[in-house]
Number of protein chains: 2
Amino acid sequence: MAKLPKNPVENWEIPAVEALRATPDTRVADIQTKGTPGFVGDKALGERLLEERGARLSALQELLYANGRSGDTRSVLLVLQGMDTAGKGGMLRHVIGHVDPQGVDHASFGVPTAEEKRHDYLWRIRKALPRKGQLGVFDRSHYEDVLVVRVHNLVPPDVWEPRYEEINTFERELVESGTTIVKVAMFVSLDEQKARLAERLERPDKYWKFNPGDITERGFWPEYQKAYQAMLDRTSTEHAPWHVVPCDRKWYSRLAVTELLIDALENLDLDWPPADFDIEVEKARLAES
Amino acid sequence: MAKLPKNPVENWEIPAVEALRATPDTRVADIQTKGTPGFVGDKALGERLLEERGARLSALQELLYANGRSGDTRSVLLVLQGMDTAGKGGMLRHVIGHVDPQGVDHASFGVPTAEEKRHDYLWRIRKALPRKGQLGVFDRSHYEDVLVVRVHNLVPPDVWEPRYEEINTFERELVESGTTIVKVAMFVSLDEQKARLAERLERPDKYWKFNPGDITERGFWPEYQKAYQAMLDRTSTEHAPWHVVPCDRKWYSRLAVTELLIDALENLDLDWPPADFDIEVEKARLAES
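Per an unreviewed UniProt entry, chain A goes by the name Polyphosphate:nucleotide phosphotransferase, PPK2 family and belongs to Rhodococcus maanshanensis.

1. Examining the interface of chain B and chain A
With 45 residues of chain B in contact, the opposing surface of chain A contributes 45 residues. Roughly 4100 Å² of surface becomes buried between chain B and chain A when both sides are summed, with 65% attributable to carbon and sulfur atoms. When the buried surface of chain B facing chain A is broken down by residue, Arg93(B), Trp208(B) and Leu286(B) rank first, second and third, together holding 19% of it. In this structure, the connection of chain B to chain A is made through six salt bridges. In this structure, Arg93(B) engages Asp100(A) in a salt bridge whose closest nitrogen and oxygen atoms are separated by 3.5 Å. Linking chain B to chain A there are 17 residue pairs in polar contact (both at pLDDT 80 or more). Elements that contribute at least two residues to the side of chain B that touches chain A include exactly helix H2 (43–69), helix H3 (88–94), helix H9 (190–202), helix H10 (212–218) and helix H13 (279–288) of chain B. When its residues are assigned to classes, the side of chain B that touches chain A shows 23 nonpolar, nine polar and 13 charged.

2. Things to note about the pattern of salt bridges
Residue and element names in this part refer to chain B. All chains considered together, the criterion is met by 42 salt bridges over all chains. The partner of Asp 145 in a salt bridge is Arg 163, with the nearest N and O atoms 3.8 Å apart. One end of the pair, Asp 145, is in the loop between strand E3 (135–139) and helix H6 (148–151); the other, Arg 163, is in helix H8 (residues 163–176), with 18 residues separating them in the sequence. Take Asp 145: its relative accessible area is 9%, and that puts it in the buried class. Of the charged contacts in the structure, one is a salt bridge between Glu 282 and Arg 285, with a shortest N-O distance of 2.8 Å. Taken together, the residues Glu 282 and Arg 285, both in helix H13 and three residues apart, mark about one turn of the helix.

3. Comments concerning the pairing of strand E5 (residues 242–246) of chain B
Residue and element names in this part refer to chain B. In terms of burial, E5 is largely enclosed, as five of its five residues are buried. Alternating positions in E5 separate into two faces, Trp 242, Val 244 and Pro 246 on one and His 243 and Val 245 on the other, with burial throughout. In this structure, strand E4 (residues 179–187) lies alongside E5, joined through five bridges in parallel fashion. Looking at the pairing, Lys 183 lines up with Trp 242 of E5.

4. Structural notes on the packing of helix H9 (residues 190–202) of chain A against H13(B)
One can describe the packing of H9(A) onto H13(B) by two numbers: an axis separation of 10 Å at closest approach and a directional angle of 170°. Relative to H13(B), the element H9(A) is oriented roughly antiparallel. Contacts between H9(A) and H13(B) involve Lys194(A), Leu197(A), Ala198(A), Leu201(A) and Glu202(A) on the former and, on the latter, Ile279(B), Glu282(B), Lys283(B), Leu286(B) and Ala287(B).

Calculation notes
- Residues numbered from 1 in each chain as written.
- Chains lettered and ligands numbered in written order.
- Predicted model: local features only at pLDDT ≥ 70, side-chain atom pairs only at ≥ 80, totals over all residues.
- Heavy atoms only, no water.
- Contact = heavy atoms within 4.5 Å.
- Buried area = accessible area lost by both parts, 1.4 Å probe.
- Salt bridge = Lys/Arg side-chain N within 4 Å of Asp/Glu carboxyl O.
- Polar contact = N/O pair within 3.5 Å; in protein donor to acceptor, adjacent residues only side chain to side chain.
- Helix = DSSP H or I, 4+ residues; strand = E, 2+ residues; numbered from the N terminus.
- Nonpolar A, V, L, I, M, F, W, Y, C, P; charged D, E, K, R; others polar.
- Buried < 20%, exposed > 50% of the residue type's maximum accessible area, 1.4 Å probe, protein only.
- Pairing = 2+ DSSP bridges.
- Axes fitted to C-alpha atoms, helices over the stretch in contact; angles between N-to-C directions.
- Parallel < 35°, antiparallel > 145°, perpendicular 65-115°, else oblique.

Okay, here's the thing in structure tokens:
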């Protein structure tokens, strides 16, 4: 039986995985947050494609799940990291929402709990890693420990400084054990963030998403840019590269992340697992039952 | 601001929650597994309604989630229990798949692990209970401990016998702490199960779902019917009633469970949580930021 055919990806001049991969030349200050790198098309087309490609993502995820149930130890981990309002929640709903919920291991990482603080920063991360055959999704991640922690001096530099290398080592271990890591850094402009926060203050159905601390954090924008720059410079590795996703246009960022996940899953080159039983014997047993 | 209006539920002669609720007269042996209790319409209509009502379910779940983030301690727990091939997996994909994955706490309960066996049977259940504001989904549950365990004498009667009352007490505690429990017993006929197992033996993309043990279990059908009868008789309580869902027609069972969840969420009478900050103050702060 044929594998799922690898469709040509139309409307991408450059595949998302190439157009978005961080390079040593990536400058956070220069990111065009309204851009649609690699994609040729408008919002209407992007939204239509999201549905089509979401179905493709769902089919590939089922293959991953099926193989996991049959002993394959591989998994895929999407790491979403970005400033407030960049659209991480929407990514969960509109991208991961295409996929069978049974196959998703989702975790979000906020301010560490009292128990988490009594452990190393990677403790809670390791506990939440996807099971084999699963699509893991981290809404924020271990990168908080070199972003907000660095910006606010929550620990001294001699503590956060070694973390870049620790994280690289940790991720290499994951990759070697069969986890494909898809790292997505989501960028909005300061103006777009303002507009999104304003909406949360205008609409009573959005109040619950608003946190006064989000405005306070805007005052640290240059420090965050510096911390994101260091993150990209020091943790975009061969085994787990960063992808820089402009997020002012939600339709683009969602389509782009869908393509990144499809690419990761296609690279696993999965087929339906063979029967681990004698088909004819079982047919005879079933007929008699 | 208006709450989500409670739509009239069209095409249901009797609301699902009434048509399906177990009564003292429910006889497992008499369940019409091809039936569509309460519903007036065919498959095409049912599938169209599933999309419409799935959107409604999604909107209500967002309200639950928003309130959970704002301090409301309530949650909803869907318990799916049924014979092999009854369609629990499809329920996850096609019903829960409508909902934002962030808001779902999903757990499945298979053969207990070595660690789980070293604890009381409710230990793993308690660990997997939904967080406040979440929609929990149990794919199998603590009822395994009065079904497969009873059928196969995995523990003696004096151990499983008291469990009915223990479970009732456990569930009452959950309900009192704010969890609405929606218990769904899924029934297929012996013939329909045979057809579904046969499909798994015909289609290479279904082999991974096939387990030779499923055929073995068919030999215990009368014992399972007896165990399901005892479960309905002894654990369908005022605070957590069972719903008996015929599952030979997948479109019906999915629509019915969607309606049961909508009913449970509507009964929470949720509104968008009010702002817990001064809106005008925050607007001024945002403008200056």
